[in-house]
Amino acid sequence: MSDNKWMVGFRRRSAVGVIIEHFYLVDGVADSAEARRAAARMAESESGPAGGRGGELDVQRVQVQRVIPDLLGNVRLSAPVPAAMPTPSAYSVMSPAEVAR
């Protein structure tokens, strides 16, 4: 498990057409691609009938930033991190949708 923390932002259109940004703090993943997938799972779990967030996530407009604490406990965000390409292993099979990310 990693000590990396990431802030991931997704856009979602509300029921009345307003674009709203939702941000998720993801902890303990190795890289920005894993952070993006974890945040997407969080966002989707909120959009169910109980969550009522409505609207589909705009997965083309995702912002991923590393959360960087300093020695004094202050926190800052890195510049947006480009989408990382997953490294395939001999044991993994990726769907076309995962490859396209």
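Residues numbered from 1 in each chain as written. Predicted model: local features only at pLDDT ≥ 70, side-chain atom pairs only at ≥ 80, totals over all residues. Heavy atoms only, no water.

Colleague: For this particular structure, what's the right way to read the overall build of the chain?
Modeller: For the chain, the count of helices and strands is 2 helices and 4 strands. Buried residues in the chain amount to 22% of all 101 residues. Counting only contacts in the chain whose residues sit at least 6 apart along the sequence, the fraction spanning at least 24 positions is 49%. (Helix = DSSP H or I, 4+ residues; strand = E, 2+ residues; numbered from the N terminus. Buried < 20%, exposed > 50% of the residue type's maximum accessible area, 1.4 Å probe, protein only. Contact = heavy atoms within 4.5 Å.)

Colleague: Is there a simple way to explain the sheet that holds strand β2 (residues 19–27) in this structure?
Modeller: Either a parallel or an antiparallel arrangement is found when strands of a sheet pair, and the pairing is made through backbone hydrogen bonds. Spatial ordering of the open sheet is given by β2-β1-β3-β4, a layout of 4 strands whose pairing is antiparallel. Across the chains shown, the open sheet's two edge strands, defined by having one partner strand only, are β2 and β4 (75–77). The mean inter-strand angle of the sheet, taken between neighbouring strand axes irrespective of direction, is 30°. Across 9 bridges, the pairing between strand β1 (residues 5–13) and β2 is antiparallel. Across the sheet, the residue bridging to K5 is D27, located in β2. (Pairing = 2+ DSSP bridges. Axes fitted to C-alpha atoms, helices over the stretch in contact; angles between N-to-C directions.)

Colleague: Which parts of the structure should I look at to understand the side chain of S78?
Modeller: Among the secondary structure elements, S78 is positioned in the loop between β4 and α2 (96–100). Among the polar contacts made by the side chain of S78, one reaches the main-chain amide nitrogen of R66 at a distance of 2.9 Å. Residues within four places of S78 in sequence aside, it is in contact with Q65, R66 and I68. (Polar contact = N/O pair within 3.5 Å; in protein donor to acceptor, adjacent residues only side chain to side chain.)

Colleague: Would you explain the nonpolar core in this entry?
Modeller: Nonpolar side chains in soluble globular proteins generally cluster together in the buried interior. Counting residues in hydrophobic clusters, the biggest one holds 12 residues: W6, V8, F10, Y24, V26, V29, A35, A38, A39, A43, L57 and V64. At the level of secondary structure, the elements contributing two or more residues to this core comprise β1, β2, α1 (32–46) and β3 (57–69). Ranked by residue count, the leading element in this core is α1, at 4 residues. Beyond its immediate sequence surroundings of up to four residues, V64 is in contact with W6, M7, V8, S32, R36, A79, P80 and V81. (Core = buried A, V, L, I, M, F, W, Y, C linked by side-chain atoms within 4.5 Å.)

Colleague: Could you clarify how one ought to interpret the pattern of salt bridges in this entry?
Modeller: Here the idea is simple: oppositely charged side chains can pair when their charged atoms come close. Counted according to the given criterion, the structure contains 2 salt bridges. For R11, the salt bridge goes to E21, with nearest N and O atoms at 3.3 Å. Here R11 is found in strand β1, whereas its partner E21 is found in strand β2, with 10 residues between them in sequence. The class for R11 is partly exposed, based on a relative accessible area of 23%. A relative accessible area of 34% means that E21 is categorised as partly exposed. (Salt bridge = Lys/Arg side-chain N within 4 Å of Asp/Glu carboxyl O.)

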